[in-house]
Amino acid sequence: MKILIKNIMIALLFFVCVETANAYTIHRVERMMTLNLDETASVIYQILFTPGDKDRFIDIPLQYSDIQNVDIKINDKKTNNEYEIHTEKDPFIRINIPDLDGRNKLSTTYSINHVIDWEKAGPKDYRSYTFKTSIENNQVVQIDTFIFHVVLPERWAFHRITGSIPEYGSKDPKAPYYLSLNDEGRYSLSINRVPMKFRDKAALEFIFKENGKKSPALLIVAVILAGLYLVYFRSLVVKKENDNQKKEDE
């Protein structure tokens, strides 16, 4: 009986793979999740894809099933395309797409309820908070390049990254994640997964804290030290030029 079930599962997997062999190609996905102080998050999910001959929909894996305010654009034009939210074990959103050729961009925005429980997250040592988040490619279609951004609330900063998928090992030449500031001056932590195959995950775990106002005294000291350094550096340059001139004169 177990052998029969195993053979059936293999046959179903083979059938799914054959059916998706000519399905749409996902070249690049960029997902930005912005955390808010009211426990919600705002998500921007952008996909560069080439549809197959028979494709009339595209599936987007969801990290959370409690979403609302869904807005969809295709090639930067707002559309009223129908969509279905599947909230079973592996939630995803299925978006109907028109008859398209070539490479296209699908942009989806939505909000998530109850993303972070601030009481459980902290405050801990040094008034810090902890948070971890992950998303899995639960669709058979491979994502060639997947980039996942997590943006902190305004006036909050990352304290330490404690884990990630892909992992960062001691032998790795560089970390798979990186920090940056967005256009609004908010801190962002990003991770890349190239490629992101079926059942692959992208995950981030970190400690963050409220970014307090910097003391004006510290800024004044920094400016003074910078000025002293410039004076000292310039004096070294002048001294070197004088020494070189003396050698030429000799």
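Here, the structure is the one placed above.
Residues numbered from 1 in each chain as written. Predicted model: local features only at pLDDT ≥ 70, side-chain atom pairs only at ≥ 80, totals over all residues. Heavy atoms only, no water.

Before going further, it helps to spend a moment on the pattern of salt bridges. A complete count under the given rule lists nine salt bridges for this structure. Here Arg199 makes a salt bridge to Glu136, at a shortest N to O gap of 2.3 Å. With Arg199 in the loop between β13 (187–193) and β14 (201–210) and Glu136 in strand β9 (residues 128–136), this residue pair connects regions lying 63 residues apart in the sequence. As a salt-bridge pair, Arg193 and Asp200 come within 3.8 Å of each other at their nearest N and O atoms. Through salt bridges that share partners, Asp90, Glu136 and Arg199 make up one connected network. (Salt bridge = Lys/Arg side-chain N within 4 Å of Asp/Glu carboxyl O. Helix = DSSP H or I, 4+ residues; strand = E, 2+ residues; numbered from the N terminus.)

So, on to the nonpolar core. Counting 48 residues, the largest nonpolar core has Met33, Ile47, Leu106, Phe146, Phe206 and Phe208 as the members making the most contacts within it. Here this core gets five residues from one element, more than from any other, and that element is strand β2 (residues 41–50). Here Phe208 is in contact with Ile116, Trp118, Ser128, Tyr129, Thr130, Phe131, Leu152, Trp156, Ala157, Phe158 and His159, once residues within four sequence places are set aside. (Core = buried A, V, L, I, M, F, W, Y, C linked by side-chain atoms within 4.5 Å. Buried < 20%, exposed > 50% of the residue type's maximum accessible area, 1.4 Å probe, protein only. Contact = heavy atoms within 4.5 Å.)

Quick look at unusual backbone geometry now. Negative phi characterises most residues that are not glycine, and trans characterises most peptide bonds. That bond from Gly122 to Pro123 is cis: its omega, 0 degrees, falls within 30 degrees of zero. Along the chain, Pro123 falls in the loop between α2 (118–121) and β9. In this structure, Pro166 follows Ile165 across a cis peptide bond, with omega equal to 0 degrees. Relative to the helices and strands, Pro166 is located in the loop between β11 (156–165) and β12 (177–181). Residues other than glycine seldom take positive phi values, yet Glu39 does so here, at roughly 75 degrees. Looking at where Glu39 falls in the secondary structure, it is placed in the loop between β1 (25–35) and β2. For Glu39, a relative accessible area of 28% gives the class partly exposed.

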